[in-house]
Amino acid sequence: MGMLAGKTAVITGSTRGLGLAIARAFAAEGAAVVISSRSAEAVAQTVASFRASGYQAEGLAADVSKLEDVQALADLCLMSFNRMDIWVNNAGTTGPYGPTIQFEPRVFESVVQTNILGTYYGSLTALHHFRQQGSGKLINMLGMGYNKPAPWQNAYGSSKTWIRNFTRALAEENRDMPGVGVYALNPGMVLTDLLTRNDVIAGSEDRLKNFPTIVRMWAKPGEIPAREALRLASAATDGRTGLEGNVFTGGVLLLGAIREGWLRLIGRKPDDGIVEMRVVPAWQPDKSK
Ligand SMILES: NC(=O)c1ccc[n+]([C@@H]2O[C@H](COP(=O)([O-])OP(=O)(O)OC[C@H]3O[C@@H](n4cnc5c(N)ncnc54)[C@H](OP(=O)(O)O)[C@@H]3O)[C@@H](O)[C@H]2O)c1
């Protein structure tokens, strides 16, 4: 029997990247899953591919920065599967790499709305249900900057610091319910669009010149952190709350270093296509107003 047999899970941002890997890992262990992202088309395709693999899946387009969309995910899970056991606040976004004051305010706001409000709305929705049910597991996604400042990636990094403290506080507030677990997961560097499709603010390109090499050496497939998400969501953490999963993969780094050394030996350039960078203009306040 699978580790999550009979359980149901909502995973936000699960049409690609880490969320998709987590949804697959959960479904492969017997969970019925709710797939979501902002794209109805991507949701339909993902649900179809899960069903084709014999997994139980439903899906809904939902923007986590809207409370009513997030609540609709819970409604779908309860309506389709009659229960809701696991909720992963995975959906996340970043903005261009560069100095905070050159960051377009609208983009900064979208990071806050998705990463901070999205995590808040998801936690609110999940915990209300879990407390009523007397059981459930909530996993919030950390990332770079969760434990220290992240200059040039301040919107993303500070949102992850917020998520960590927010999650720790939630764990403390819900200790009175031993069946309810609140966890954080730091997946490390994962080979996804978020990592490899970057905007960089004009003038900051030089700071990223070694980034493709770092990605090639460090980044791992989503399946590796998905295993840690599975552990947190499973009975292995029953009765324990406030845990923080950290995925450090020394083996991936070692293999990456060997591969990098080999590529250099055969004269391949570091930026050979894994990382795409688009230069965007620095934002300036409109002085004409
Ligand atoms: N990749 C890494 O190296 C890394 C490292 C540490 C932590 N993380 C964290 O892991 C999580 C997943 O990242 P990823 O790398 O898998 O990113 P990704 O490849 O960009 O995928 C993000 C997913 O979230 C969805 N999404 C984005 N904004 C959304 C919104 N407002 N509402 C609903 N869905 C939304 C996307 O679909 P749509 O755009 O179609 O909505 C997509 O399905 C994030 O919280 C990220 O911070 C990633």
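Everything numeric in this text was worked out from a predicted model, so none of it was measured.

Quick word on the pairing of strand β1 (residues 8-11)
Residues T8 and V10 line one face of β1 and the alternating positions A9 and I11 line the opposite face, and both faces are buried. Looking at chain direction, β1 and strand β2 (residues 32-37) are connected through four bridges and run parallel. Residue pairing across strands places I11 opposite I35, the latter belonging to β2. For the segment spanning β1, helix α1 (residues 17-28) and β2, crossover handedness is right-handed. In this sheet, strand β4 (residues 86-89) lies alongside β1 in parallel orientation, the contact comprising three bridges.

Looking at the packing of helix α3 (residues 67-81) against helix α4 (residues 105-133)
At a closest axis distance of 9 Å, the pairing of α3 and α4 adopts a crossing angle of 35 degrees. Like other packed secondary-structure pairs, α3 and α4 cross with a definite hand, here right-handed. Mapping the contact onto sequence places L67, V70, Q71 and A74 in α3 and Y121, G122, T125 and H129 in α4. The class makeup of the residues in the contact of α3 with α4 is four nonpolar, four polar and no charged.

Observations concerning the sheet that holds β1
Read across the open sheet, the seven strands follow the order β3-β2-β1-β4-β5-β6-β8; overall the sheet is parallel. Two strands lie at the open edges of the sheet, namely β3 (57-61) and β8 (244-246), each paired on one side alone. Ignoring which end each strand starts from, the neighbouring axes of this sheet average 15 degrees apart. Examined bridge by bridge, strand β6 (residues 180-186) and β8 share three bridges and lie parallel to one another. Paired with L185 across the two strands is G245, which belongs to β8. With respect to the sheet, helix α2 (residues 40-52) is in contact with β2 and β3, its orientation differing from that of β3 by roughly 175 degrees.

A word on the site of the ligand
Around the ligand lies a shell of 31 residues, among which G13, G17, G92, G143 and T192 are the nearest. Elements supplying a minimum of two residues to the shell around the ligand: α1, α4 and α6 (193-196). Each residue belonging to the shell around the ligand can be placed in one class, and the counts come to 12 nonpolar, 15 polar and four charged.

About the cut-offs
- Residues numbered from 1 in each chain as written.
- Predicted model: local features only at pLDDT ≥ 70, side-chain atom pairs only at ≥ 80, totals over all residues.
- Buried ≥ 20, exposed ≤ 12 C-beta atoms within 10 Å, placed from the backbone.
- Helix = DSSP H or I, 4+ residues; strand = E, 2+ residues; numbered from the N terminus.
- Pairing = 2+ DSSP bridges.
- Right-handed = clockwise from strand over helix to strand, strands pointing away.
- Axes fitted to C-alpha atoms, helices over the stretch in contact; angles between N-to-C directions.
- Left-handed = near helix turned anticlockwise from the far one by under 90°.
- Contact = placed C-beta atoms within 7 Å.
- Nonpolar A, V, L, I, M, F, W, Y, C, P; charged D, E, K, R; others polar.
- Near = placed C-beta within 6 Å.

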